[in-house]
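So the chains spell out like this:
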Amino acid sequence: MSHEMRTRCLTTLALLLLQLPNALAAQLTANANLQATGKTGERNSSRLPEVHLDGGYFTRNGKRFIPVGAHWVPAKAAMQWPLQWDPKDIEADFAKMHDLGYSIVRFDMLWAWFEPRPGDYNPVAFQQLDFLVSLAHKYQIYLHPSLFIGGEVGEAYWDVAWRHGRHPHADPEMLRLETNLATEFGRHYANESAIIAWDLTDEPPFWIVGGSATTDAMAINWTRLIVDGIRQYDKLHPIVVGTSGEEITHGPFRADNIAKFVDFFSVHPFTLYAPDLFPDALLSARGTYGAAFEITLSQGAGRPAMIHEMGASSAQFSPERIASYDRAQIYSGIGAGSIGVDLWCYTDASPEQFHKVPYLRTPQETGWGMTTWDRQDKPLAREFKKISQVVGQLDLTGIAPAPADVGIVIPDEWSKAHGDFSRFGLTGPEAIPYVSTADADAMPGRPLPDLSGANHWLMGSALSSFILARRAHLKADFPREYADWAKRPMLFMPSPITSTGDPFLAHVHSDFYEKLRRYVEDGGFLYASLASDGAVPDMASLFGARLVDRAPSSEVTLKIVAPFGGLQPGDTFHYSVPTQTIESWGTLLEVTTGKVIAVDQDNRPALVANTLGRGKTLLSAYPIEHYLANVPAVFDQPESTHRIYEAFRDWVGFKPAFHTDQPSVEISALKGDRRGYVVLVNHSPQQQNVTVSATSIANSVARIAPEGRKPVQVEGSNWKIDLAPYEGTIVEWK
């Protein structure tokens, strides 16, 4: 043996000896804790019942419920908690979470700890998970494990040492190993009732390879394989992928791509990380619609959705504003149909963590908790406990989110998987194949096209339209182009859904307008806005006007010239044009059978109403939703565009089941048979005294407070509610 080899061997042996005490200690501690699990029933002798998904909500013992909690990263050990194993401190965390009203806790299953070598599973890791299971039963908090971690806390990626640069979503050997580990989790815990659901991983694509390196096909194949691995043994637990912003960024793990394999979706509505879509203060009207928007956008793919992570850091924002921000978003999300709430995160990091990565490099990550590192309540903890007490009183038997009044159609080119040609109108073998530059990867050596600009254009307008509809007290959802959108009484198509050109993902197919025409003729109501790149086949028959030319401008003023719903001649709406491009300019219209409702600053038709068969249409010659999307804090200042939506609603004669007299107060309904709940959210910084009006008379109305139900006086079909700034509340009616 050479001197160099002898030196390497001695060094390796020394390192092993240094690690041995810690490994033995962890093993002995885990074994001791496992033996102690028989005593954990001292606090609560009942085991958690199994959880299923039923009718869009989680169900236990035949009763639906909305689980609420947060993601757990211990304050002192942080992401090293499996290595710095402290069962006493961990149990103290569970006790604190129980006191705050948690019914769910999400946490990270560090891949390298469970599988230190390919195919070799660490028994200590499974024993530690068994200990968490025992705590779950003891403190009546369901576990929501997130597998294959992976990326967590700031920019940190907790890798497996044996990856060797391979792509976890694409490399065949990595896929085999991941599927096998998923199978092992399913085998171990197939019948464990303390687990509410499996989360396949946190915020894919895996951060270490990045979204641009992960295709739709990779995301679909990975999800299918991991789900199949779990399902080999585990038929009980629902499955989700803990995605973050995949819909609003058109990422490969967006809901439409994975809907066939998972049982529900998740959203992480961190509006502060999407300033291009939310150019606002943290606590703002648009910002507090973030959860409801992402929940609704995901639901359009056909599964219920849950708030998985949400919040802000008290190292950046005041704790009081964070509490108000999360409170408004939670209630707004529940009103949109969120089936659960799991915030980021339970606790702040301890000061000792500030001296090492990842907290050393990311100061804002130190203060995300609803408690301080030493388990003292921050304002969010106090608000969260109240919310837990409120949702715990809900009887969701036979309850479902009310159907949408308005469908904002999402183009098929956005929702379909890249490379899917099934709706291209081609049949049989093609002697001369169709190849498009939009599908660049169909050409060898060509990268995927950059769709971010078109996606941002679409998402900005969709968000504006969603908020305007809610301000007009209309419930909007996002049916896909080839789905059942015709069931909605109204359809909204803000530009760029009416546009043309490449990238195609921002607009509908040409033949969609034939379906729209039949929809309107049969009694549907259609609103659309256009930009200079708009293109609508046979437009005059649908809208009573046709395109003439582009209308460049830097400022736009719409002036009402004919009574329309609640709008009167002389009412005006003013907009700044964000860019001198065809995406922002309006259009010149020639009116045929339509009626001019408003003109622009040059006295040209700007809003045109039309009747077709039993239905009606309203056309805007300017992309007003796009304008609003580009104005910072636009809904935090006097803004009245929702009045156009309201006027259209009143003109067609549609009456929402519930509405308020304040546009800043969102109202949503969870409906059952002759009973239900109304969720109210004040999206403004002002106290609001709100009058709620219903289309039918309720026998009784009660506000659900943390301490119990409080009767509300009803006058006919109206009642009044006081709401503090950014406050949410739930009202039961029978």
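Use the structure listed above.
Residues numbered from 1 in each chain as written. Predicted model: local features only at pLDDT ≥ 70, side-chain atom pairs only at ≥ 80, totals over all residues. Heavy atoms only, no water.

K.L.:
Before we move on, can you summarise the side chain of Glu152 with the specific residues and values?
P.N.:
Positionally, Glu152 belongs in the loop between β6 (142-149) and α5 (172-189). For the buried Glu152, no salt bridge is present, and the opposite-charge side chain at shortest range is Arg106, 5.2 Å distant. (Helix = DSSP H or I, 4+ residues; strand = E, 2+ residues; numbered from the N terminus. Buried < 20%, exposed > 50% of the residue type's maximum accessible area, 1.4 Å probe, protein only. Lys, Arg positive; Asp, Glu negative; His and termini not counted. Salt bridge = Lys/Arg side-chain N within 4 Å of Asp/Glu carboxyl O.)

K.L.:
I'd like to hear about unusual backbone geometry, residue by residue, with values.
P.N.:
A cis amide bond links Ser495 with the next residue in sequence, Pro496, at an omega value of 20°. Along the polypeptide, Pro496 turns up in the loop between β15 (490-493) and α13 (512-521). Along the chain, Asp502 connects to Pro503 via a cis peptide bond; the corresponding omega equals 5°. Secondary-structure assignment places Pro503 in the loop between β15 and α13. Positive phi is not limited to glycine here, since His164 has a value of about 55°.

K.L.:
How would you sum up the nonpolar core? Please name residues and give values.
P.N.:
Membership of the largest hydrophobic core comes to 214 residues, with the highest contact counts inside it found for Phe94, Leu132, Phe293, Phe492 and Leu558. Setting aside chain neighbours within four positions, we find Leu132 in contact with Trp72, Trp81, Ile90, Phe94, Phe107 and Leu143. Judged by nonpolar contacts, the second largest core, of 18 residues, contains Val712, Trp719, Leu723 and Trp733. (Core = buried A, V, L, I, M, F, W, Y, C linked by side-chain atoms within 4.5 Å. Contact = heavy atoms within 4.5 Å.)

K.L.:
Tell me what's going on with helix α10 (residues 379-391), and back it up with residues and numbers.
P.N.:
With 13 residues, α10 should reach 18 Å at 1.5 Å per residue; the first-to-last C-alpha distance of 19 Å fits that figure. Residues Pro379, Leu380, Ala381, Glu383, Phe384, Ile387, Ser388, Val390 and Val391 constitute the buried set of α10. (Expected span 1.5 Å × (residues − 1).)

K.L.:
Outline the sheet that holds strand β12 (residues 400-401), listing residues and values.
P.N.:
The sheet built from six strands is open, its strands ordered β12-β25-β26-β32-β28-β29 with antiparallel pairing. Only two strands of the sheet have a single neighbouring strand rather than two, namely β12 and β29 (708-711). Looking at chain direction, strand β28 (residues 701-705) and strand β32 (residues 728-733) are connected through four bridges and run antiparallel. Note on β32: the bridge partner recorded for Val701 is Trp733. (Pairing = 2+ DSSP bridges.)

K.L.:
Lay out the environment of Pro49 with the relevant residues and their values.
P.N.:
Mapped onto the elements of the fold, Pro49 is located in the loop between α1 (3-36) and β1 (51-54). The spatial distance from the C-alpha of Pro49 to the C-alpha of Ser193 is 5.7 Å, given a sequence separation of 144 residues. When near neighbours in sequence (up to four residues on either side) are disregarded, Pro49 contacts Arg60, Asn61, Tyr142 and Ser193.

K.L.:
So, the packing of aromatic side chains: which residues are in play, and what are the values?
P.N.:
The final tally for this structure, using the stated rule, is 42 aromatic pairs. With a centroid separation of 5.4 Å and an interplanar angle of 85°, the aromatic rings of Phe58 and Phe264 are classed as edge-to-face. You can see Phe58 sitting in strand β2 (residues 57-60) and its partner Phe264 sitting in the loop between α7 (255-258) and β9 (265-267), a full 206 residues away along the chain. Here the two residues Phe58 and Phe264 agree in accessibility, since each one is buried. Here a set of aromatic residues connected by ring pairs shows up, and it is made of Trp111, Phe148, Tyr157, Trp162, Phe206, Trp222 and Phe253. (Phe/Tyr/Trp six-rings, centres within 6.5 Å; stacked < 30°, edge-to-face > 60°.)

K.L.:
Account for helix α9 (residues 319-336), naming residues and giving values.
P.N.:
An α-helical segment advances 3.6 residues per turn. Residues three or four places apart therefore align on the same side. With 18 residues, α9 should reach 26 Å at 1.5 Å per residue; the first-to-last C-alpha distance of 26 Å fits that figure. Among the 18 residues in α9, 15 count as buried, and that is most of the element. Immediately downstream of α9, the backbone of Gly337 shows phi near 110°, a positive value.

K.L.:
Any chance you could break down the sheet that holds strand β3 (residues 63-65) for me, citing the residues and the numbers?
P.N.:
The strand order across the open sheet built from three strands is β1-β2-β3, with neighbouring strands paired in antiparallel fashion. Edge positions in the sheet fall to β1 and β3, since each has one partner strand and no second. In this sheet, adjacent strand axes meet at a mean angle of 45° when their direction is disregarded. Here four bridges tie β1 to β2, and the two strands are oriented antiparallel to one another. Counted as the bridge partner of His52 is Thr59 from β2. (Axes fitted to C-alpha atoms, helices over the stretch in contact; angles between N-to-C directions.)

K.L.:
Describe empty space enclosed by the protein, with residues and values.
P.N.:
Enumeration over the complete set of coordinates arrives at eight cavities of 30 Å³ or more. If you add up the space inside the largest cavity, you get close to 60 Å³. For the largest cavity, the full set of lining residues is Val73, Pro74, Ala75, Val153, Trp344, Cys345, Thr347, Asp348, Ala349, Tyr359, Glu365 and Trp368. Residues that form the lining of the largest cavity fall into these classes: nine nonpolar, one polar and two charged. (1 Å grid on protein atoms, 1.4 Å probe; cavity = no way out; pocket = protein on both sides within 12 Å on 5 of 7 lines; lining within 4 Å. Points joined across faces, edges and corners; volume = space filled by probe spheres on them. Nonpolar A, V, L, I, M, F, W, Y, C, P; charged D, E, K, R; others polar.)

K.L.:
For the packing of helix α12 (residues 452-471) against helix α16 (residues 642-652), give the residues involved together with the corresponding values.
P.N.:
Packing of α12 against α16 brings their axes to within 8 Å, and their N-to-C directions diverge by 60°. Regarding the angle of α12 to α16, the classification is oblique. Once α12 is placed against α16, the crossing between them reads as right-handed. Here α12 contributes Ser465, Leu468, Ala469 and Arg471 to the contact with α16, which in turn contributes His642, Tyr645 and Glu646. Within the contact of α12 with α16, the residues separate by chemical class into three nonpolar, two polar and two charged. (Parallel < 35°, antiparallel > 145°, perpendicular 65-115°, else oblique. Left-handed = near helix turned anticlockwise from the far one by under 90°.)

K.L.:
Describe the pairing of β15, naming the residues involved and giving the relevant values.
P.N.:
Here β15 shows no split at all, with Met490 and Phe492 on one side and Leu491 and Met493 on the other all buried. Strand direction decides the pairing type here: strand β13 (residues 406-408) and β15, joined by three bridges, are parallel. Opposite Val406, over in β15, you have Met490 as the bridge partner. Where β15 meets strand β16 (residues 525-529), four bridges bridge the pair, whose relative direction is parallel. Opposite Phe492, over in β16, you have Tyr527 as the bridge partner.

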